[in-house]
Amino acid sequence: MASGSRGNHCGLSGCAVQKGFGGIKKEAEAYLAELDATSLEGAEKMEFYRSIVLVCDGIIRLANRYREKAREMAAEEADETRKAELLQIAEICDVVPENPPKSFREAMQFMWFTQMGGILSENPLAWNPGRFDQYMYPYYKADKEAGVITVDEAQELIECLWLKLSEWVWTISANTADFFAGYNQFQNLTVGDRTRDGKDATNELSYMCLKATEDTLAHQPGLSVRIHPDTPDDFMAAVTHLVSKGTGFPAIHSDNAGYQMLVNAGYEPEDARDWSNCGCVVPHFRETGEWTSAANLNFAAALEFATNEGKSRLSDKKIALDEKDPKTFSTYEEVEEAFYKQFAYLIKQAVISLITAQRLHVEMVPRPFMSACIEDCMKNGKDLTKGGAKYNIGPVITGIGIAVVANSLAAIKKLVFEEKSVTMAEILDAINNN
């Protein structure tokens, strides 16, 4: 899930594209007709399905507003080429996302409306398009073979999408923008994959996505590639070509490592093969409620508390466990033991905080739009925050400062207790005097 964390809607995968939001609304209304409020479970499910109806109405109405604006602009447009484009936009917005897309252009617009729905409802720090080359390819292939679209036209649409994905940073709230100044939006889009049965899935769109990043030089989407032993040599050459351009893209990931991580977490093999990158580097399958980066746990803070009697050097207040005067540590093992004691305390406090946050999420910030896009949430009548997805993971504690701690402990061990070139008192005086 995404709540100041990571979200993944995986583009056109799942119930949204199969039914359209109009179909999802009808499904929710059908479930509602079978329920009543004479039990707690029934009442909660009714609330859930009503929320689904509301968000489906909302995203359809948003599309209708775009349709109306496009027709309004077309009526005032003198240039016939642009007028035709605006009327085509209006026709597409009349179809999607209320209905399933039937063409590449409709699928692209459906994907963007789904992206917008998540952005507007979540204010997320990541809202990931997932395996773009897989869910978009059937539409592209059919249109290309039918002569409906050319390669150049499809490439232009992809590059327009890249620009749109780079715009939505402006929707981020003021407090989020202050905290994450210059923060990358982590709309991770994954290409160069395997199929669910393990075969190479690289296709023409995989290459076109690499080209779009090279052509636009946009900072979004965060383009990732899955590399496996059967990756075509031509695709590897295209990947290294893009790397040589200095864009920072694509991020290159081991397909086998991502697969194994999900299998180890209990995913079915077919689902594990269907992984995409979520946020920055999190292997993820779309049927998952996952709250990653839920808390940043500062490893270095534990060492600070261990070497400052449980006090913060910033506030000089005691905010951790009691510890003896660090100048009296007589062995390195004492330092390490004090560090682990404080670290365990920090983990416990993080878990307590996250349990509280989860409770508040259920009570105050349910995720009806995200839940509408996930089959198991609809089937179970449970919001994503209540564990409605097929897989539910997290909240995940993110460790930061581990290299700082490792280097600091190594320095203390070598200088104080092995070489004896300085004392603990001298190191601490240096730290306290910056």
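Higher on the page you've got the structure.
Residues numbered from 1 in each chain as written. Predicted model: local features only at pLDDT ≥ 70, side-chain atom pairs only at ≥ 80, totals over all residues. Heavy atoms only, no water.

Undergrad: Please clarify how the sheet that holds strand E4 (residues 222–227) should be interpreted in this entry.
TA: One key point about sheets: their strands pair by backbone hydrogen bonds, in either a parallel or an antiparallel sense. Pairing in this open sheet of 3 strands is parallel, and the strands run E3-E4-E5 from one edge to the other. What marks the edges here is a single partner per strand, and that holds for strand E3 (188–191) and strand E5 (251–254). This sheet shows a mean twist of 30 degrees between the axes of neighbouring strands, independent of strand direction. With respect to the sheet, helix H10 (residues 233–244) is in contact with E3, E4 and E5, its orientation differing from that of E4 by roughly 145 degrees. (Pairing = 2+ DSSP bridges. Helix = DSSP H or I, 4+ residues; strand = E, 2+ residues; numbered from the N terminus. Axes fitted to C-alpha atoms, helices over the stretch in contact; angles between N-to-C directions. Contact = heavy atoms within 4.5 Å.)

Undergrad: Explain the pattern of salt bridges to me, please; I cannot follow it from the model alone.
TA: Where charged atoms of side chains with opposite charge meet at close range, the side chains can pair. Enumeration over the complete set of coordinates arrives at 32 salt bridges. Taken together, the shared-partner salt bridges in this structure form one network comprising Arg 131, Asp 193, Arg 196, Glu 268, Glu 270, Asp 271, Asp 274 and Lys 390. (Salt bridge = Lys/Arg side-chain N within 4 Å of Asp/Glu carboxyl O.)

Undergrad: Could you clarify how one ought to interpret the packing of aromatic side chains in this entry?
TA: Two aromatic rings, taken as a pair, are described by how far apart their centres are and by the angle between their planes. Going through the model one piece at a time under the given rule, you end up with 16 aromatic pairs. Ring geometry for Phe 21 versus Phe 110: centroids 5.9 Å apart, planes at 20 degrees, classification stacked. A residue pair is termed long-range when its members are at least 10 positions apart, and Phe 21 in helix H1 (residues 15–34) and Phe 110 in helix H4 (residues 104–122) qualify at 89 residues. A single burial state applies to Phe 21 and to Phe 110, both of which are buried. Here Phe 132 and Tyr 135 contribute two aromatic rings whose centre-to-centre distance is 5.9 Å and whose plane-to-plane angle is 75 degrees, an arrangement assigned as edge-to-face. Of this pair, Phe 132 and Tyr 135 both sit in helix H5 (residues 132–135), separated by 3 residues, roughly a single helical turn. Here Phe 132 and Tyr 135 have matching classes, each one buried. (Phe/Tyr/Trp six-rings, centres within 6.5 Å; stacked < 30°, edge-to-face > 60°. Buried < 20%, exposed > 50% of the residue type's maximum accessible area, 1.4 Å probe, protein only.)

Nothing here speaks to function; it is geometry throughout.
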